[in-house]
Amino acid sequence: MKNGIPVFEKTVNRIPSLYQSGSCVRPADIDGDGDLDLFVGTRVMSSYYGLPCDQFILINDGKGNFAEAPPVFAQALKRVGMVTDAHWFKYDNDNFPDLLVVGEWMPVTIFQNDGKQLKKVSVKGLEQSDGWWNCIQAVDLDNDQDEDFILGNYGLNSKFQPTVEKPVTLYVNDFDQNGSVEPVFVFVRDGKEYPVALRQDIVKQMSSLKKKFIYYKDYADKSVNDIFDPKLLERATMLKFYQPHTSVIINEGVNGFTVKPLPVQAQVSPVYSIETMDVNNDQKPDIILGGNLYAVKPEIGRLDALHGLVLTNDGNGNFTPLPSMRSGIKIDGEVRHIQVLNNKGKKVVAFVRNNNSIKFFNAQ
């Protein structure tokens, strides 16, 4: 403090150097010693998209110095996946916070914390929940005194339409044997797996295929087993995408979780940000969504149909979308964060957009 004003100073050597692409940092008193420790989520290893990443626990010594947790504590976080978001919450009845993690090509995953180590647990209702999950918002949606979750996902308004029976699959391997790995997206049609990539894109990545498929017609009807050595496919890292819906996850306590997709209006684009507030003064938390994704290839098409969406909550886990004429929210761009602010006793909703200005809406 200087003259009663906080002064921030850059510090060094207080946190380990982590050389992976980070996605989120979530604080909690993980070991019950009274100070805040950190979960550090990582989404991708540079040049190795699709390979599962390690996640990290950093333990606070009480003086603001952090060190990686002992291997036995965080062993379950090794090669977990491509994490995009995480949340500490109370899953069991002990005094240690447990961890909910989501990510790309990942199921909704829970790690139970007993104060000595994190253990991945199988939870009823979350089987085959592998999605392209982007974000988590925790809130008690059904007024039963536990945390439920709203999870932003890829949505339904694209050429990717995965189901449990017909998932989108990712194979990751060095398919052209040149020392670098290639991710190959495939979809299912008539019981066979076909690559998503067009011929010009796949030969640009793997030039060895250019002679094998000289013309587009040669490539057009080929399955992945026709294109790649089946042995390389067998040895590849294989990830699945079953669940595209932006959803609420209702916490049923000992009975597990119930996954409930939000209405179709919430599925028109990928959701990257979620906020909750009581918009209609009925003492129930309602949902505000934002998202969109512009950085996609032309054959996929820009995902830009979500202009901010408000869904009202009936208190029983059901949500009704409000038209923009009623909600007052209509916003373009790639929303990456939504925050409810308090401005002199009045609530203001801020939409933070990628490569664009922040938009503010007064809450009535």
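Anything mentioned here points back to the structure above.
The structure reproduced in this document is the subject of the present report. (Residues numbered from 1 in each chain as written. Predicted model: local features only at pLDDT ≥ 70, side-chain atom pairs only at ≥ 80, totals over all residues. Heavy atoms only, no water.)

Judged by side-chain polarity, L341, V352, I358 and F360 come together as a nonpolar surface patch covering roughly 330 Å² of accessible area. Looking at where V352 falls in the secondary structure, it is placed in strand β23 (residues 346–353). (Patch = residues over 30% accessible without salt bridge, like charges linked within 9 Å, V, L, I, M, F, W, Y side chains within 5 Å. Areas by Shrake-Rupley, 256 points an atom, 1.4 Å probe, with all protein chains shown as cover. Salt bridge = Lys/Arg side-chain N within 4 Å of Asp/Glu carboxyl O. Helix = DSSP H or I, 4+ residues; strand = E, 2+ residues; numbered from the N terminus.)

One can find M206 in the loop between α2 (199–205) and α3 (216–220). When its relative accessible area of 3% is taken as the criterion, M206 is described as buried. Through-space distance from the C-alpha of M206 to that of K231 is 17 Å; in sequence the pair is 25 residues apart. (Buried < 20%, exposed > 50% of the residue type's maximum accessible area, 1.4 Å probe, protein only.)

Another point: the sheet that holds strand β12 (residues 168–173). As summarised here, the arrangement of the four strands in space is β14-β13-β12-β15, forming an open sheet in which the pairing is antiparallel. At either end of the open sheet lies a strand with only one pairing partner, and these are β14 (192–195) and β15 (237–241). Ignoring strand direction, the axes of neighbouring strands in this sheet form an average angle of 30°. Summarising the sheet, β12 and strand β13 (residues 182–189) pair through five bridges and their orientation is antiparallel. Residue pairing for β13: N173 is matched across the bridge by E182. (Pairing = 2+ DSSP bridges. Axes fitted to C-alpha atoms, helices over the stretch in contact; angles between N-to-C directions.)

This part is about the nonpolar core. Core analysis: the largest hydrophobic core is formed by 17 residues, its most contacted members being F39, I57, L77, W88, L99, V101 and L118. Sequence-distant contacts of L99, that is, excluding residues within four places in its chain, are made with F39, L77, A86, H87, W88, F89, T109, I110 and F111. (Core = buried A, V, L, I, M, F, W, Y, C linked by side-chain atoms within 4.5 Å. Contact = heavy atoms within 4.5 Å.)

Attention now moves to unusual backbone geometry. Although it is not a glycine, N3 adopts a positive phi angle of roughly 55°. Examined against the element boundaries, N3 turns out to sit in the segment before β1 (21–28).

Right, let's talk about the sheet that holds strand β18 (residues 271–277) for a bit. Read across the sheet, four strands follow the order β18-β19-β20-β21 without closing on themselves; strand pairing throughout is antiparallel. Looking along the sheet, the strands with just one partner apiece sit at the ends: β18 and β21 (319–322). Pairwise comparison of adjacent strand axes, ignoring direction, gives a mean angle of 25° for this sheet. One ladder, built from four bridges, connects strand β20 (residues 309–313) with β21; its direction is antiparallel. By the bridge assignment, L311 is partnered in β21 with P321.

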